[in-house]
Amino acid sequence: MIPGREDATVLACDEIAPGVFELVIRSPRAATSLLPGQFVEVGWPLGQGPFLGRPMSYFRREGQSFSILFRVVGEGTALLARARAGDVLWVMGPLGHPYPRPEKGLLTLVGGGVGVPPLLDVARAHIEAGGRVRVLIGARNRADLLGLAELRATRAEVACATDDGSGGHKGPVTDLLTEADTFVVACGPAGMLRAVKAWGAASGATCHLALEAPMACGFGACLGCTVPASEPDPAKGAYAAYRRICTEGPAFAAGEVEI
Amino acid sequence: MDMSVDVGGLALKNPVLVASGTFGYGREFDKLFDIAALGAIMVKGVSTLPWAGNPGRRIAETPAGMLNAIGLQNPGLEHFIGVDLPWLREKGATVVVNVVGHTSAEYVAVASAVSAAGGVAAIEINVSCPNIEGGLDFGTDPAGLADLVAAVRRSTALPLFVKLSPNVTDILPLARAAVEEGADGLSLINTVLGLAIDVEARRPSLGHVTGGLSGPAVKPIALRFVYEVRSHLDVPIIGMGGIATARDALEFIYAGANAVAVGSALFRNPLAAVEVAEGLGSLMEKEGFACVAEASGAAQLGRDRFGPS
């Protein structure tokens with residue numbers, strides 16, 4: 001489905017963990033066309049907020065609405081966190097490609113911090129298609145482990161790791177990867193993604209990394225969200241040195257990009 | 001309301017263009033609306049060879065705008081003429097080719113090749129990109145700019161526009177140099193050189209350190225340049241810098257622009273230029289104008305109000 005832009009109405013905004021908010025938006029076009037792993041840009045009417053929208057993965061999706069899960073890190077997310085039912089925003093989407101999945105068998109999803117939300121629908125889709133899903137969630141502490149209940153409800157196997165040991169394994173979430181994990185998609189902080197890439201290179205597993213970057217447009221026009229390509233197509237010369245996270249991604253084969 | 005306008009020999013069906021670097025070569029937008037409906041598409045800068053663009057973070061949002069340091073990433077002349085231009089022609093788009101280069105010879109090579117290729121309505125030379133080595137050199141030195149414009153002028157019979165930089169103390173010597181060497185019009189303005197700091201990292205936010213500021217934040221700066229150049233020179237002007245609404249566009253026309261371009265606003269609303277064109281027609285009609293030319297410069301108080309120069 002080609003992206004489109006529509007006015008969207010806020011239905012609810014709740015703090016679900018310290019500093020982490022779930023914003024539910026009525027946005028029929030996006031809600032009914034988003035595929036697992038795709039994202040949207042959410043923004044404000046001119047003059048009522050930052051100039052640019054914010055690229056956001058979706059978390060839950062139901063009927064004509066969807067939700068986004070975000071941590072307050074700056075002015076934009078602070079303003080989104082103050083949204084109230086009835087407020088009007090704009091939504092542009094669906095953007096990017098869906099996450100890759102194996103045809104059958106085990107899909108392992110690794111999520112760190114606010115990298116967890118997009119994994120929910122990916123897990124559900126793979127289970128509905130008859131596959132098996134293991135979700136490995138990492139966070140600083142137990143309170144920051146996001147989406148546990150929702151992920152468990154999909155019948156995915158869920159394992160956790162925290163930096164301080166207050167929830168699940170004490171240590172990096174990548175410690176939970178095992179030989180059985182042969183098709184991995186990871187979304188989270190750069191350090192976690194680099195660890196997944198290194199583990200994939202050593203184990204031979206197929207790993208995909210979902211990336212993020214500041215974006216102006218989200219639909220491929222501004223060239224602001226590029227990532228260096230590992231093996232640029234020589235036929236395309238210097239132009240192929242970078243790939244657009246918004247358009248060629250957000251998930252890339254681990255060997256395809258330099259992070 | 002007659003929206004058609006002639007700007008220095010560039011015939012436009014309406015006076016709202018899209019600014020170079022904010023519209024790629026049109027493909028991302030073609031999925032959303034009929035790109036032939038735009039006044040013209042000022043395509044992303046084209047260089048002789050493909051350019052990779054800048055490493056590191058390329059975008060930083062700022063109050064009412066954004067900084068970019070893309071570095072003119074583009075697929076090069078051969079790809080543009082072989083792939084993008086035929087596609088744009090097929091779509092029926094009015095195309096203004098933005099030309100970039102490191103040397104006068106590179107500008108000439110691109111300008112002459114795209115002129116020979118056909119299907120191009122005008123050339124715009126970018127002498128004001130703050131994001132490449134030497135990118136501002138042509139645009140800040142009147143003698144260097146004169147030589148460049150003269151060389152490009154000899155290489156093309158198409159309407160020739162020079163996109164000037166706001167990063168100068170006095171723009172008039174540059175505007176005059178461009179016009180005297182045969183430019184048919186001026187694009188005012190390119191981005192304003194700026195910087196953002198990442199407080200947590202204690203370093204500049206952008207990989208390139210500095211970037212070009214655009215968006216509503218630069219609108220007053222752009223309006224001043226349009227007004228000033230119009231009050232001193234009788235040269236067609238395409239005004240740009242922070243236009244997001246029809247009212248913004250009308251401000252540029254009143255200041256002295258003959259046409260306008262929508263830029264960064266396309267990133268938050270890809271339909272912005274279409275909406276500005278629609279709204280501008282209604283606004284000008286309401287104000288009693290029969291055509292764009294009548295409204296151009298309507299706010300000018302006369303040369304003496306800007307001092308001798």
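Residues numbered from 1 in each chain as written. Chains lettered and ligands numbered in written order. Predicted model: local features only at pLDDT ≥ 70, side-chain atom pairs only at ≥ 80, totals over all residues. Heavy atoms only, no water.

Residues and elements named next belong to chain B. The N-to-C vectors of helix H8 (residues 246–255) and helix H10 (residues 272–286) enclose an angle of 60°; their axes lie 8 Å apart at closest approach. When the axes of H8 and H10 are compared, the crossing they make is right-handed. Here Ala 246, Arg 247, Ala 249, Leu 250 and Ile 253 of H8 come into contact with H10, specifically with Val 276, Gly 279, Leu 280, Leu 283 and Met 284. Among the residues forming the contact of H8 with H10, the class breakdown is eight nonpolar, one polar and one charged. (Axes fitted to C-alpha atoms, helices over the stretch in contact; angles between N-to-C directions. Helix = DSSP H or I, 4+ residues; strand = E, 2+ residues; numbered from the N terminus. Left-handed = near helix turned anticlockwise from the far one by under 90°. Contact = heavy atoms within 4.5 Å. Nonpolar A, V, L, I, M, F, W, Y, C, P; charged D, E, K, R; others polar.)

Looking now at the packing of helix H2 (residues 77–91) of chain B against helix H3 (residues 104–117) of chain B. Each pair of packed helices gets described by two things: the angle between the helix axes and the distance between those axes. All names here are of chain B. Put simply, H2 and H3 touch, their axes get as near as 11 Å, and they point 35° apart. The two elements H2 and H3 cross, and the hand of that crossing is right-handed. Where H2 approaches H3, its residues Leu 77, Phe 80, Ile 81, Leu 85 and Arg 89 are matched on the opposing element by Ala 109, Val 110, Ala 113, Val 114 and Ala 117. For the contact of H2 with H3, the per-class residue count stands at nine nonpolar, no polar and one charged.

With that settled, consider the sheet that holds strand E14 (residues 210–214) of chain B. Residue and element names in this part refer to chain B. Across the sheet, four strands lie side by side as E5-E6-E14-E11; this open sheet has antiparallel pairing. In this open sheet, the two edge strands, each paired with only one partner strand, are strand E5 (59–62) and strand E11 (192–195). Across the sheet, the mean angle from the axis of one strand to that of its neighbour is 40°, orientation sign disregarded. (Pairing = 2+ DSSP bridges.)

Now for the packing of aromatic side chains. Within a pair of aromatic rings, the relevant descriptors are the distance that separates the centres and the angle that separates the planes. Applying the stated criterion across every chain yields a total of eight aromatic pairs over all chains. With a centroid separation of 6.3 Å and an interplanar angle of 55°, the aromatic rings of B:Phe23 and B:Phe33 are classed as tilted. With a gap of ten residues between them, B:Phe23 in the loop between strand E3 (16–18) and helix H1 (27–30) and B:Phe33 in the loop between H1 and strand E4 (40–42) connect regions that are remote in the sequence. B:Phe23 gets classed as buried once you look at its relative accessible area, which sits at 0%. By relative accessible area, B:Phe33 is classed as buried at 12%. Ring centres of B:Tyr25 and B:Phe80 lie 5.7 Å apart, and the angle between their planes is 50°; this geometry places the pair in the tilted category. Pair noted here: B:Tyr25 is in the loop between E3 and H1 and B:Phe80 is in helix H2, with a separation of 55 residues, a long-range link. Assessed through its relative accessible area of 9%, B:Tyr25 is described here as buried. When its relative accessible area of 0% is taken as the criterion, B:Phe80 is described as buried. Three or more aromatic residues joined by ring pairs make a cluster, and in this case those are A:Phe219, B:Phe23, B:Phe29 and B:Phe33. Its end group placed over the ring of B:Trp87, B:Arg27 keeps NZ or CZ at 4.6 Å from the ring centre. (Phe/Tyr/Trp six-rings, centres within 6.5 Å; stacked < 30°, edge-to-face > 60°. Buried < 20%, exposed > 50% of the residue type's maximum accessible area, 1.4 Å probe, protein only. Lys NZ or Arg CZ within 6 Å of the ring centre and 35° of its normal.)

Residue and element names in this part refer to chain B. Listing the buried residues of helix H6 (residues 172–180) in full gives Leu 172, Leu 174, Ala 175, Ala 177 and Ala 178. Lining the buried residues of H6 we find helix H4 (137–140), helix H5 (142–155), strand E9 (160–163), strand E10 (185–188) and helix H7 (219–232). Just downstream of H6 lies Gly 182, where phi reads positive at about 110°.

A common way to express how large an interface is: the accessible area buried when the components associate. Taken together, the contact pairs 36 residues of chain B with 29 residues of chain A. A per-residue breakdown of the area chain B buries against chain A is headed by B:Glu61, B:Phe267 and B:Arg268, which together make up 28% of the total. Applying the counting criterion to the chain B and chain A interface returns two salt bridges. With a closest N to O distance of 2.7 Å, A:Arg54 and B:Glu61 form a salt bridge. One can count nine residue pairs in polar contact (both at pLDDT 80 or more) joining chain B with chain A. The set of elements that each furnish at least two residues to the side of chain B that touches chain A consists of H1, E5, strand E6 (65–68) and helix H9 (265–268) of chain B. The biggest single contributor to the side of chain B that touches chain A is H9(B), with four residues. Tallied by class, residues from the side of chain B that touches chain A come to 17 nonpolar, twelve polar and seven charged. (Buried area = accessible area lost by both parts, 1.4 Å probe. Salt bridge = Lys/Arg side-chain N within 4 Å of Asp/Glu carboxyl O. Polar contact = N/O pair within 3.5 Å; in protein donor to acceptor, adjacent residues only side chain to side chain.)

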